[in-house]
Each structure stands twice: as structure tokens, then as C-alpha cells.
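Coordinate analysis (summary)
Given next are the chains, with one letter for each unit.
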Amino acid sequence: MADMNRNLVVNVLRAETAMSRADLVRATHLSGPTVSAIVTDLVARGLVEEVGQGQSSGGRRPSLLRLKDDANHVVGLKLSGQSISLVMTDLRAEPVYSQVTPLPEGVAAAGPLGRPSRRETAPAVESLCAAVEAAIASSGADRSRILGVGIALAGAVDATSGLCHFCPTFDWHEVQLGQPIAERLGLPVVLENDSNALTAAEQWFGSGHGVDHFVVLVVGAGVGAGIVVNGQLHRGADGAAGEFGHIRLGDDGPQCSCGKTGCVEAWASDRAIVRDLRAAVEAGVPSSLAQAVASGGPTIAEVGAAADSGDELSQKVLARAGEQLGRGAAALIDVVNPRLVIVSGEGVPAGEWRFGAMRRAIARETFGGIVPRIVMHSEPVDGPKWARGAACVVLGELFSTPTKQSLVGAM
Ligand SMILES: [Zn+2]
């Protein structure tokens, strides 16, 4: 209860520039002595400071309090197959420092089309800790004012225990990641699925801000989603909610990374598009990308550009992938009934040939006329945005009620 009251006070202070103890009593409906005790504790912890005096309503002028949002920091990291993106933010999720570190040879996963091969976590733990230490040293941040570290990665992770159930990038199964990193850094750590981190970013500073029900479709090397219901990120019992990329669209279909066939991801990811385009060219279908195929390509960006320049095969392959993406998204939309659908991920720059087909399939397949009320748009993403999302996950934990907190290594 004490922690819950403390977070209530912090959340009220977060929304205001400065307020008095009496304002806090009115806003929180807590008693005067309770507010005073919490404020004394927050000041002692360096989270709140007194900033001058407000208007008196008779008697002594009250001192004003503010959250020291710029003097306290959180760190967000996105672990991808080739690099670690890191962003340090203040308590309003404003970035104060960022860096991207390539993973050393031997730690990096195989290329985007190759098989992941690493089961060992120690080298990645080492690289993640080194990235945080380097950021602290380079930014000059006060280590004691770093309130937590968020780490986003692909797969199913349990934020509460720090356990990674499955990470396809590195072929990890049931490995403990949060605890060793928290111990090494001496800082609280929260793990998060990367689609969820991106969704937290949309919630904190993107177009999902203030929207109670929305989904983020994350389309790139894989296909996933983040779901916000009643203003809360929905993680599910095992942190595996939102895996709409593994909804099967029928008994037939291409092989998926999960071991099954015919999943949305197996039809509609960037890899699937490149695979299908290569297969068609190798079977003799004419395309302006024949040369790129001969030299091991193309990239998804090249397929998008070729489609824009009139290459019919590229247009067709992108449209079929978009159609299948839309069929999967329609199922998700029917379950969640979102007001907003954001399409994000590395695949977004490949653009309209794919997402136009996706929107048409969504309009055709969703239940009972909800589509006209859904706002749909796409947003590109880069490493720093993923990492800032991971920082937002930490902030979400810090400001949530204690029953929902999942930072590994207590504050
Ligand atoms: Zn699958």
C-alpha cells in the first residue's frame, strides 16, 4: 500500500510542473501526513525537489515540489542480431544520450537470411553490460541516478523473472538473461519483447499517446505485434501475447521460422518477400531485379524501389505478402477491436505496394463494419527508437502500481 501511494504521488507530480503538498493531498485524496511522509522520502531519494514557493491562501506560503525528471535517468537497449542500440532518457522519456555498438565477431547472429546459431548467452550478456558501462562513461551520467535498464529483444521473454523463453535471433531457449545483467551492472533490469518495447514508445511519445486501445503491427525480418488494451500493454501470461505472425493462414504454405508452415510471418515478412522474388526469378519470370538475384540479393528496399519503378514481379510479390499480412491482422483486429493500427518495423520503407494490399484485406476480412472507425497509418523505425521504447518500458514499470512491477533486482 505504501508503494502504491508513493507511485500515485509520483504520477501526479509527473503530470505537473510544480505543486504544493496541499495540491498533492487534493489530487491524490491521501491524508496530509501520508503525503508529507512520501514527499520527505522522495526528496531523500533525490526524485523530488523543492522549487520556490507558491501562492498563500492565508498563512505561510507553501513550498512547491517538482519531480526531478531531468536529474534521473533510465537506459534502454535493443539487442538485434548485429548490433546493440542504446538510448539514455530522462523521466519524461526525452533522450539525453544514444549510441549504437556493433556486436563483435562471434557474438553477432548469422545474417538476415542465415540460420541463427548461437545458444550461448554469456557473450551477449558481456556485450550488453559493456554497452551500458560505455554509455555511463561517455555521457557522464551519475550512476546512482540511473533508475533502471530495459532490454528489448525478439521472442518471448518474462519480464518478471528475467527469463528468456525463446529468442529466434540467437536460438536461445529458457535462458536467464535479466539476473546476470542486473548483478553485473548493479542496476534493476527489465526484459521486454521488442514489439512490446516499440509499442511502449508509441504510447509514451508516438501516435499511441492517449489512445486506450491500439495495436502496433511490427513488420520486418519477422512479423509481430504489440497490443494496448485499456491503456495497458498486454503481455500475456508468458510474455508471448501479440505473436500474430504465427497465426496459420491454412494448412499449406511456406515453412516458418517457428517450425510450422503457412504462418503470417512465413508469407509476409521481408525474408518471405525476398525468398519469393528470388524463386520466381530463378524460375524464369522476368524482373528488373534479375541481376540483383544473380549476385545474392535483392534487399527488401530494392524490391520496394523496383516495384515503384514498374517491375511487375516486385509489385506482385509485395501485394501477395501484404494480402496475407492483412488476413492475419484482420484476426488480431477482430480480437482486440483497436481504435488505432500503427504499422511499424524495418519493412515500412518498402511501402505502399505491400501495405495497400494489407489494408484492402483488413477491410474485407474484419467483422461487422469496425474498419471505418479504425485509424491506420505506418511509421518507420530505427535502432534508437527501439531502444527508446525499451527505456519507456522501464519508465512504465517505475510509474506503475507495485503489483505490476517487473524490474529484476529491486530498487
Ligand atoms: Zn510461425
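Provided above is the structure to which this section pertains.
Rules used in this analysis
- Residues numbered from 1 in each chain as written.
- Predicted model: local features only at pLDDT ≥ 70, side-chain atom pairs only at ≥ 80, totals over all residues.
- Heavy atoms only, no water.
- Core = buried A, V, L, I, M, F, W, Y, C linked by side-chain atoms within 4.5 Å.
- Buried < 20%, exposed > 50% of the residue type's maximum accessible area, 1.4 Å probe, protein only.
- Helix = DSSP H or I, 4+ residues; strand = E, 2+ residues; numbered from the N terminus.
- Contact = heavy atoms within 4.5 Å.
- Arc of directions from axis to C-beta.
- Axes fitted to C-alpha atoms, helices over the stretch in contact; angles between N-to-C directions.
- Left-handed = near helix turned anticlockwise from the far one by under 90°.
- Nonpolar A, V, L, I, M, F, W, Y, C, P; charged D, E, K, R; others polar.
- Donors = N, O, S within 2.8 Å, 3.2 Å for Na, K, Ca; no water.
- Tetrahedral: all angles 85-135°; square planar, octahedral: opposite > 155°, others 65-115°.
- Pairing = 2+ DSSP bridges.

**What about the nonpolar core?**
In terms of nonpolar packing, the biggest core is built from 40 residues, with Leu217, Phe244, Leu325 and Leu332 touching the most fellow members. Per-element tally for this core: the top contributor is helix 11 (residues 312-336), with nine residues. The contacts of Leu332, once residues within four sequence positions are left out, are Val215, Leu217, Ala225, Ile227 and Phe244. With 36 residues, the next largest nonpolar core counts Leu103, Ala141, Ile146 and Leu187 among its residues.

**A short note on helix 10 (residues 300-308)**
Within helix 10, burial applies to Ile300, Val303, Gly304, Ala306 and Ala307. Here the buried residues of helix 10 occupy an arc of 165 degrees about the axis, which is enough to place them on one side. Seen from the buried face of helix 10, the exposed residues on the opposite side, beyond 90 degrees, are Ala301 and Asp308. Looking at the buried positions of helix 10, the neighbouring elements they touch are helix 8 (270-282), helix 11 and helix 12 (352-365). Backbone geometry just downstream of helix 10 places Gly310 in the positive-phi region, at approximately 100 degrees.

**Overview of the packing of helix 10 against helix 11**
Running from N to C, helix 10 and helix 11 point in directions that differ by 115 degrees, and their axes come no closer than 7 Å. For the pair helix 10 and helix 11, the crossing hand works out as left-handed. Together, Ile300, Val303, Gly304, Ala306 and Ala307 of helix 10 and Ser314, Gln315 and Leu318 of helix 11 make up the contact between the two elements. Taken together, the residues of the contact of helix 10 with helix 11 sort by class into five nonpolar, three polar and no charged.

**Notes on the coordination of the zinc ion**
Within the protein, the atoms that donate to the zinc ion are His246 (ND1), Cys256 (SG), Cys258 (SG) and Cys263 (SG), at distances of 2.1 to 2.4 Å. The site at the zinc ion holds four donor atoms, and with the angles between them running 102 to 124 degrees, its shape is tetrahedral. For Cys258, a relative accessible area of 34% gives the class partly exposed.

**Focus: the sheet that holds strand 2 (residues 48-53)**
Pairing within the open sheet is antiparallel, and its three strands lie in the order 1-3-2. Of all the strands in the sheet, the pair left with one neighbour each is strand 1 (19-20) and strand 2. As judged from the four bridges shared by strand 2 and strand 3 (residues 63-67), these two strands associate in the antiparallel manner. Residue pairing for strand 3: Glu50 is matched across the bridge by Leu65.

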